[in-house]
Amino acid sequence: MARILLTGAAGDIGTRLRRLLKPVYPDLRLSDIRKPADLADDETFVAADLARIEEVERIVDGIDGIVHLGGHSVEGPWETILQSNIIGCYNLFEAARRKGVERVVFASSNHAVGFYPRHHRIGTDVTVRPDSRYGVSKAFGEALGALYAEKHGLRVLCLRIGNVGDRPIDKRRLSIWISPEDLVQLIRIGLEHPQVRFEILYGASDNERSWWDNHRAWELGYRPTGRAEDWREEALAAQAKLPSDPIGDYFQGGSFCSAEFDGDASRLPKA
Ligand code: 15L
């Protein structure tokens with residue numbers, strides 16, 4: 001895997017990954033709709049709007065493997081999700097096929113399954129239960145990945161990423177946090193592991209309170225070093241300062257579930 005493209009390079013996760021991926025993949029091409037403000041002299045950047053396939057074909061040309069973080073990374077209006085995450089994701093996979101790219105690591109999200117309750121331990125084979133238009137777009141991306149893997153032989157790893165950061169910032173994140181270094185381990189599995197054809201894994205560190213069965217990641221060699229519980233006290237202290245959110249606190253997706261919620265709350269246990 002010599003030539004790697006990182007989309008979404010100007011975003012929060014992209015900014016962290018640029019620095020961690022460069023020593024592993026020196027021939028790293030960065031892309032985003034806008035140039036990162038802190039682009040270094042040894043970094044290669046090509047701007048592209050994911051909603052325009054001719055621009056996506058240009059950034060994908062000559063590339064062996066793609067780490068696709070690009071798109072809108074939280075809930076947004078339908079038109080935004082449609083252009084960035086639905087059309088943009090289709091363009092990415094289709095351009096990869098046209099240009100003969102071998103592998104794609106797709107940044108999916110825990111929000112593809114956010115409406116599972118927290119007491120429910122889930123694997124990656126459950127029916128999706130998106131908690132937002134954003135979550136729907138991530139489920140769509142996973143489905144596209146499966147199509148391009150089965151029909152066109154692209155090797156695809158979808159990572160249902162929890163929350164990337166230096167440390168877990170509240171109670172929910174104690175279950176879903178992933179360190180940037182552990183995320184890089186998973187990305188390397190997607191770009192290099194010979195057994196990867198189509199896989200969905202959870203992007204989480206070694207978290208005691210995890211809601212997810214991620215045994216397949218371990219089978220593929222994942223050995224996370226981050227442990228959310230090391231920040232237990234700080235995370236729970238931060239949680240204590242947050243307003244109560246009975247719906248968000250019940251479901252895995254947190255506030256993505258409670259936002260715009262006008263469904264049947266009576267099925268939730270009383271606090
Ligand atoms: C995500 O998918 C988002 O990209 C990120 O901003 C966080 O909201 C994260 O999920 C989370 O669930 O904490």
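This text gives an overview of the structure that appears in the document. (Residues numbered from 1 in each chain as written. Predicted model: local features only at pLDDT ≥ 70, side-chain atom pairs only at ≥ 80, totals over all residues. Heavy atoms only, no water.)

**Things to note about the sheet that holds strand S4 (residues 65-68)**
In step 1: Here we have seven strands laid out as an open sheet, ordered S3-S2-S1-S4-S5-S6-S9, and parallel in their pairing. Each edge of the open sheet carries a strand with a single partner, namely strand S3 (44-45) and strand S9 (198-203).
In step 2: Helix H1 (residues 12-21) contacts strand S1 (4-7) and strand S2 (28-31) of the sheet and is inclined by roughly 160° relative to S1. (Pairing = 2+ DSSP bridges. Helix = DSSP H or I, 4+ residues; strand = E, 2+ residues; numbered from the N terminus. Contact = heavy atoms within 4.5 Å. Axes fitted to C-alpha atoms, helices over the stretch in contact; angles between N-to-C directions.)

**Some remarks on the nonpolar core**
In step 1: Counting 29 residues, the largest nonpolar core has Leu6, Leu17, Leu21, Leu159, Leu183, Leu186 and Ile187 as its most contacted members.
In step 2: Secondary-structure elements contributing two or more residues to this core are S1, H1, S2, strand S5 (103-109), strand S6 (155-161) and helix H6 (180-192).
In step 3: Counting residues per element, this core draws most heavily on H6, at six residues.
In step 4: In this structure, Ala48, Cys89, Val104 and Leu154 belong to the second largest nonpolar core, which totals 23 residues. (Core = buried A, V, L, I, M, F, W, Y, C linked by side-chain atoms within 4.5 Å. Buried < 20%, exposed > 50% of the residue type's maximum accessible area, 1.4 Å probe, protein only.)

**Digging into the site of the ligand**
In step 1: Neighbouring the ligand are the residues Ser73, Val74, Ser109, Asn110, His111, Tyr134, Gly162, Asn163, Arg172, Arg173, Ile176 and Phe256.
In step 2: In the environment of the ligand, an oxygen atom lies 2.7 Å from a nitrogen or oxygen atom belonging to the side chain of Tyr134.
In step 3: Between the ligand and the protein, one listed contact pairs an oxygen atom with a side-chain N or O atom of Arg172 at 2.7 Å.
In step 4: In isolation the ligand exposes 320 Å². Once the protein is present, 81% of that is buried.
In step 5: Examining the composition of the shell around the ligand, we find that three residues originate from one element, helix H5 (residues 171-176), more than from any other.
In step 6: Taken together, the residues of the shell around the ligand sort by class into four nonpolar, six polar and two charged. (Near = heavy atom within 4 Å. Polar contact = N/O pair within 3.5 Å; in protein donor to acceptor, adjacent residues only side chain to side chain. Areas by Shrake-Rupley, 256 points an atom, 1.4 Å probe, with all protein chains shown as cover. Nonpolar A, V, L, I, M, F, W, Y, C, P; charged D, E, K, R; others polar.)

**A few points about empty space enclosed by the protein**
In step 1: Applying the stated criterion across every chain yields a total of two cavities of 30 Å³ or more.
In step 2: Volume-wise, the largest cavity comes out at about 40 Å³.
In step 3: Forming the walls of the largest cavity are Leu17, Val67, His68, Leu69, Val105, Phe106, Ala107, Leu159, Ile161, Leu183 and Ile187.
In step 4: Of all the secondary-structure elements, those providing two or more residues to the lining of the largest cavity are S4, S5, S6 and H6.
In step 5: Here the element with the most residues in the lining of the largest cavity is S5; it accounts for three residues.
In step 6: Of the residues in the lining of the largest cavity, the class split is ten nonpolar, one polar and no charged.
In step 7: Elements represented by at least two residues in the lining of the second largest cavity include exactly helix H3 (78-98) and helix H4 (133-152). (1 Å grid on protein atoms, 1.4 Å probe; cavity = no way out; pocket = protein on both sides within 12 Å on 5 of 7 lines; lining within 4 Å. Points joined across faces, edges and corners; volume = space filled by probe spheres on them.)

**Observations concerning the packing of aromatic side chains**
In step 1: Counting across every chain of the model gives nine aromatic pairs.
In step 2: Where Phe115 meets Phe261, the ring centres are 6.5 Å apart and the plane angle is 50°; that geometry is what we call tilted. Here the residue Phe115 occupies a position in the loop between S5 and H4, and Phe261 occupies one in the segment after helix H10 (255-258), the gap between them amounting to 146 residues.
In step 3: When its relative accessible area of 22% is taken as the criterion, Phe261 is described as partly exposed.
In step 4: Look at Trp177 and Trp231: their rings are 5.4 Å apart centre to centre, the planes differ by 65°, and that puts the pair in the edge-to-face class. Highlighted residues: Trp177 in strand S8 (residues 177-178) and Trp231 in the loop between helix H7 (215-219) and helix H8 (232-240), separated in sequence by 54 residues.
In step 5: Taken together, the aromatic side chains of Phe115, Tyr250, Phe251 and Phe261 make up a single cluster linked through ring pairs.
In step 6: Stacked on the ring of Tyr116, the Lys or Arg Arg129 has its end atom at 4.0 Å from the ring centre. (Phe/Tyr/Trp six-rings, centres within 6.5 Å; stacked < 30°, edge-to-face > 60°. Lys NZ or Arg CZ within 6 Å of the ring centre and 35° of its normal.)

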